[in-house]
Amino acid sequence: MKKILFILLILLLPNMAYAEDFYLNDLKILNGVLSLPFDSLNTEYTVELAETEFQIDFDYKVSEDVTVSVMDNYDLENDSIVTLILSKDDKKLEYHFHVLKDEAVSTFHYDLENGSEQTDHFMYKYKLYIIPSVCLFLIIIVHKILFRKHKKKII
């Protein structure tokens, strides 16, 4: 098993792009809200847009030798994905932005001013009660199945 992992590591190592080589220095969404504060090493984000917006307006800063291109940033609907591609020499780094158009769909977002998470989903509110209850129920069922008593028939 170790030999297989080592061979895969050697085969895939030249294809990896390292974040220290190139990345976005700063990113702002001018017509929407990012779900998390921007971090240059995080490449997956959710963007909340108003129903009247059909593209994301980016404001970003990169190094001089990095080329930036934006893919699929037109006629955006709910659950669309916009890709921001950074290119330097023969390496590429992609940032993906998942679009939410309906605010009722969003259940989680990060409040930048207070630095706290805000949720309105049922599971987030009652997870302290639901998860232990389900676990206890599953333990009881497994116990009943494994350790059930067999009645002896008397003839």
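The structure we're discussing is the one just above.
Before going into details, it helps to say that this report is about the structure given with it. In this numbering scheme, every chain counts its residues from 1 along its sequence in written order. Local features in this predicted model are restricted to residues of pLDDT 70 or higher, and side-chain atom pairs are both shown and tallied only at a pLDDT of 80 or more, whereas totals for entire chains, interfaces and linings draw on every residue. Side-chain figures throughout are based on the complete set of non-hydrogen atoms in the structure, without hydrogens or water.

1. Considering the sheet that holds strand S5 (residues 67-71)
Reasoning step 1: Taken in spatial order, the 5 strands of this open sheet run S2-S3-S7-S6-S5, and their pairing is mixed. Unpaired on one side and paired on the other, strand S2 (32-34) and S5 mark the two borders of the sheet. Neighbour to neighbour, the strand axes of the sheet diverge by 25 degrees on average, direction disregarded.
Reasoning step 2: By the convention used here, strands pair only if DSSP detects at least 2 bridges between them. Secondary structure counts use DSSP, requiring at least four H or I residues in a row for a helix and at least two E residues in a row for a strand, with both numbered from the N terminus. Alignment of S2 against strand S3 (residues 44-49), held across 3 bridges, turns out to be antiparallel. Directly across from Leu-34, in S3, lies its bridge partner Val-47. Every angle, taken between N-to-C directions, lies between 0 and 180 degrees, and every axis is a line fitted to C-alpha atoms, over only the stretch in contact when it is a helix.

2. Details of the pattern of salt bridges
Reasoning step 1: The term salt bridge refers to a side-chain nitrogen of Lys or Arg lying within 4 Å of a carboxyl oxygen of Asp or Glu. Counted under the stated rule, the structure contains 1 salt bridge.
Reasoning step 2: Ionic pairing is found between Lys-88 and Asp-65, a salt bridge with its closest N-O pair at 3.5 Å. One end of the pair, Lys-88, is in strand S6 (residues 81-88); the other, Asp-65, is in the loop between strand S4 (58-61) and S5, and 23 residues separate them in sequence.
Reasoning step 3: Note on exposure labels: buried denotes an accessible area under 20% of the residue type's maximum, exposed denotes more than 50%, and partly exposed covers the range between, all computed with a 1.4 Å probe on protein chains only. Residue classification places Lys-88 among the partly exposed residues on the basis of a relative accessible area of 21%.

3. Focus: the nonpolar core
Reasoning step 1: Nonpolar cores were defined as sets of buried Ala, Val, Leu, Ile, Met, Phe, Trp, Tyr and Cys residues, with membership established by side-chain atoms within 4.5 Å. Ranked by internal contacts, the top residues of the largest apolar core, which has 19 residues, are Ile-56, Phe-58, Tyr-95 and Phe-97.
Reasoning step 2: If you list the elements that add at least two residues to this core, you get strand S1 (26-29), S3, S6 and strand S7 (91-100).
Reasoning step 3: Here this core takes 4 residues from S7, the largest share from any one element.
Reasoning step 4: Pairs of residues are marked as contacts when any of their non-hydrogen atoms sit within 4.5 Å. Apart from residues no more than four positions distant in its own chain, Phe-58 is found in contact with Leu-27, Lys-28, Ile-29, Val-70, Asn-73, Val-82, Leu-84 and Phe-97.

4. Thoughts on the pairing of S7
Reasoning step 1: By the bridge criterion, 5 bridges tie S3 to S7 in an arrangement that is parallel. Each residue of the ladder has a partner; that of Thr-46, found in S7, is His-98.
Reasoning step 2: By the bridge criterion, 8 bridges tie S6 to S7 in an arrangement that is antiparallel. Its bridge partner being in S7, Thr-83 is matched across the sheet by His-96.

5. A word on the side chain of Lys-101
Reasoning step 1: On the secondary structure map, Lys-101 appears in the loop between S7 and strand S8 (108-111).
Reasoning step 2: With no salt bridge to any partner, buried Lys-101 finds its closest opposite charge in Glu-51, at an N-O distance of 5.4 Å.
Reasoning step 3: Pairs of N or O atoms within 3.5 Å make up the polar contacts considered here, provided that, within protein, one atom can donate a hydrogen while the other can accept it, and that residues adjacent in sequence are counted only when both atoms are side-chain atoms. A polar atom in the side chain of Lys-101 sits 3.1 Å from the backbone oxygen of Leu-76.
Reasoning step 4: The contact partners of Lys-101, leaving out residues within four places of it in the chain, are Leu-49, Ala-50, Glu-51, Glu-53, Phe-54, Leu-76, Glu-77 and Asn-78. We treat Lys and Arg as the positive residues and Asp and Glu as the negative residues; His and chain ends play no part in the count.

6. Topic: the pairing of S1
Reasoning step 1: Across the two faces of S1 the burial differs, with Leu-27 and Ile-29 buried and Asp-26 and Lys-28 not buried at all.
Reasoning step 2: Bridge count for S1 against S4 is 4 bridges, and the pairing is antiparallel. Looking at the pairing, Ile-29 lines up with Phe-58 of S4.

7. So, unusual backbone geometry
Reasoning step 1: The phi angle at Asp-72 is positive, at roughly 60 degrees, despite the residue not being glycine.
Reasoning step 2: Inspection of the secondary structure assignment puts Asp-72 in the loop between S5 and S6.
Reasoning step 3: Overall, the relative accessible area of 42% leaves Asp-72 in the partly exposed class.
Reasoning step 4: One non-glycine residue with positive phi stands out, namely Asp-75, at about 45 degrees.
Reasoning step 5: Its location among the elements puts Asp-75 in the loop between S5 and S6.

8. What about the packing of aromatic side chains?
Aromatic ring pairs are described here by two measures, namely the spacing of the ring centres and the angle between the planes.
Reasoning step 1: Centres within 6.5 Å make a pair out of two Phe, Tyr or Trp rings, where for Trp the six-membered ring is used; the pair is then stacked when the planes are under 30 degrees apart, edge-to-face when over 60, and tilted otherwise. A complete count under the given rule lists 4 aromatic pairs for this structure.
Reasoning step 2: Consider the rings of Phe-58 and Phe-97, whose centres lie 5.1 Å apart with planes at 55 degrees: the pair is tilted. Of this pair, Phe-58 sits in strand S4 while Phe-97 sits in strand S7, placing them 39 residues apart in sequence.
Reasoning step 3: Look at Phe-97 and you get buried, because its relative accessible area is 0%.
Reasoning step 4: Here the aromatic residues Phe-38, Tyr-45, Phe-58, Tyr-95 and Phe-97 are joined through ring pairs into a cluster of three or more.

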